[in-house]
Amino acid sequence: MKPRMICTVLFLFIMVFSPTHTIGNESVKYGAQEALEDSNISLAEALSYALEDKYLKQANFDYSIEKYGSIRPFVQIKIEDQHQMSMLLPLFKKYNIELPKDRARHYIKKNTGSLYQVFQIQIGRERNAIKMYKKFLSIREFPKDILDTFQEQLIVSQRHLESLEQNVIKYK
């Protein structure tokens, strides 16, 4: 192969298979961000997006806690999100949907400069989760138990957003 062709193939390979990260206006093709960009969401996709979003939050809170310590409200939100994940898991089995793989570690933003920046990232993710659950709740074809679960997830995400916004002031 010619060097130019090799470079082109390598570039395309990297573009297709490299994960993207969320910070500022960058896009993550995983969890809530992917759900918000999807114009035709099936039941399996909605559940997968919701669980992927929980995976992503867990991975980010794990990293943030490891880097900055057990600060409020990260520990509390992490525990609550684990409970929220346990509400989603039985629905995969009930509707015979394969669990998505946890690829969240590929999407962690590790070069954050400050705790304030970490809070800003988490606030953005929580806002996206809220938009995602509102989008899911507008799909009336979903079974009632699914819609009820998404409603509960929405309420918890709204509470998490409030907590993050109240605590970010301490780190500005």
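Here's a quick rundown of the structure. (Residues numbered from 1 in each chain as written. Predicted model: local features only at pLDDT ≥ 70, side-chain atom pairs only at ≥ 80, totals over all residues. Heavy atoms only, no water.)

**Here we look at the overall build of the chain**
Next, step 1: From N to C terminus, the chain includes six helices and zero strands.
Next, step 2: Scanning the chain from its N terminus toward the C terminus, one meets helices and strands in the order α-α-α-α-α-α.
Next, step 3: Burial status across the chain gives 45% buried among its 172 residues.
Next, step 4: Taking the contacts inside the chain whose residues are at least 6 apart along the sequence as the reference set, 76% of them involve residues at least 24 apart.
Next, step 5: Here the chain has roughly 9,900 Å² of accessible surface; of this, 57% comes from carbon and sulfur atoms. (Helix = DSSP H or I, 4+ residues; strand = E, 2+ residues; numbered from the N terminus. Buried < 20%, exposed > 50% of the residue type's maximum accessible area, 1.4 Å probe, protein only. Contact = heavy atoms within 4.5 Å. Areas by Shrake-Rupley, 256 points an atom, 1.4 Å probe, with all protein chains shown as cover.)

**A word on unusual backbone geometry**
Next, step 1: Cis rather than trans, the peptide bond between arginine 72 and proline 73 has omega equal to 0°.
Next, step 2: Positive phi values are uncommon outside glycine, yet asparagine 96 reaches one of about 55°.
Next, step 3: Along the chain, asparagine 96 falls in the loop between α4 (74-94) and α5 (115-137).

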